[in-house]
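So you can see what is in the structure, the chains are spelled out below.
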Amino acid sequence: MTQELGALSVDGDRCTVHFERLYDATADELWRALTEPAQLAGWLAEAPSIELRGGGEIHLDFGDGEEMHGVIREIEPLRVFEYTWPEAWESVIRFELRPHDDGVLLVLDHRALPTEKAPSYGAGWHSHLDMLDASLAGGSVDFMPRYEELRTAYEDQVAALR
């Protein structure tokens, strides 16, 4: 895959990872991929529970004991899906869907990441978005080889920002 790298930006001791990806899909197909447990399992993680409403909870299980329990901050069907991504710090993930002549533009921003975690999240989201593209097309991408291939490029990007 030859998708452009996401853009990293620094604000104090925090970082944002930004992606814009054009998908050959409808807004409904992409929305379902972001919000339906069966669809999420194909590109991101198992989703044992998602309460699709403001203040609702989202639980993602990446396997091997890695889980995320967030709270939905904003939801506008077919347009915006934003939730907290708590770890040892509190970050926020936001997906925006924008109609485009050739499909749907997905804008992803993961904000308030510790700068030292940005390369991992940059390579991780990049890999997961490649998996989303493949999933929508009926294919697949193996996460870990793609992640390992991309990690250095995101480390270089953070080093250049310092």
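Going by the structure above, here's the rest.
Please read all numbers here as calculations on a predicted model, not as lab measurements.

S.K.: Any chance you could explain the sheet that holds strand β1 (residues 7-11) here in plain terms?
M.R.: The strands that make up a sheet pair up through hydrogen bonds in the backbone, lying either parallel or antiparallel. If you walk across this open sheet you meet the eight strands as β1-β2-β8-β7-β6-β5-β4-β3, and the pairing is antiparallel. Of all strands in the sheet, those bounded by a partner on one side alone are β1 and β3 (46-50). When strand polarity is set aside, the average angle formed by the axes of neighbouring strands in this sheet is 20°. Examined bridge by bridge, strand β4 (residues 57-63) and strand β5 (residues 66-76) share six bridges and lie antiparallel to one another. Paired with D61 across the strands is E67, a residue of β5. Packing of helix α1 (residues 27-35) onto the sheet brings it into contact with β2 (14-23), β3, β5, β6 (80-86), β7 (90-100) and β8 (103-114), and relative to β7 it is tilted by some 165°.

S.K.: What am I meant to see in the pairing of β5 here?
M.R.: Where a strand is regular, its side chains alternate between the two sheet faces. Hairpin connection, β4 to β5: the antiparallel pair is bridged by two residues, and D64 has positive phi, about 55°. Bridge count for β5 against β6 is four bridges, and the pairing is antiparallel. Of the residues in β6, the one forming a bridge with E74 is E82. The antiparallel hairpin formed by β5 and β6 contains three residues in its connecting segment, where L78 sits at a positive phi of about 70°.

S.K.: I'm lost on the nonpolar core in this one. Help?
M.R.: For soluble globular proteins, the rule of thumb is that nonpolar side chains tend to be buried together. Ranked by size, the top nonpolar core spans 42 residues in total, and within it W43, L60, Y83, F95, L106 and W125 carry the most contacts. With seven residues, helix α3 (residues 118-136) is the largest single contributor of residues to this core. When near neighbours in sequence (up to four residues on either side) are disregarded, L60 contacts L40, L44, A45, E46, A47, P48, E66, E67, M68, Y83 and W85.

Procedures and definitions
Residue positions are counted from 1 within each chain, in the order its sequence is given. Whole-chain, interface and lining totals are the exception, using all residues; otherwise, since this is a predicted model, local features are given only for residues with pLDDT of at least 70 and side-chain atom pairs are given and counted only at 80 or more. To get the side-chain values, all heavy atoms of the structure are used, and hydrogens and water are removed first. At least two DSSP bridges between two strands are required for those strands to pair. Helix numbers and strand numbers start at the N terminus; a helix is a DSSP run of H or I with at least 4 residues, a strand a run of E with at least 2. Helix axes are fitted to C-alpha atoms over the stretch in contact, other axes to C-alpha atoms as well, and angles between N-to-C directions run from 0 to 180 degrees. Note on contacts: a residue pair is in contact if any heavy atoms of the two residues lie within 4.5 Å. Side-chain atoms within 4.5 Å link the members of a nonpolar core, which is a set of buried Ala, Val, Leu, Ile, Met, Phe, Trp, Tyr and Cys residues. Classification of residues uses two cut-offs on accessible area relative to the type maximum, computed with a 1.4 Å probe and protein chains only: under 20% is buried, over 50% is exposed, and between them is partly exposed.

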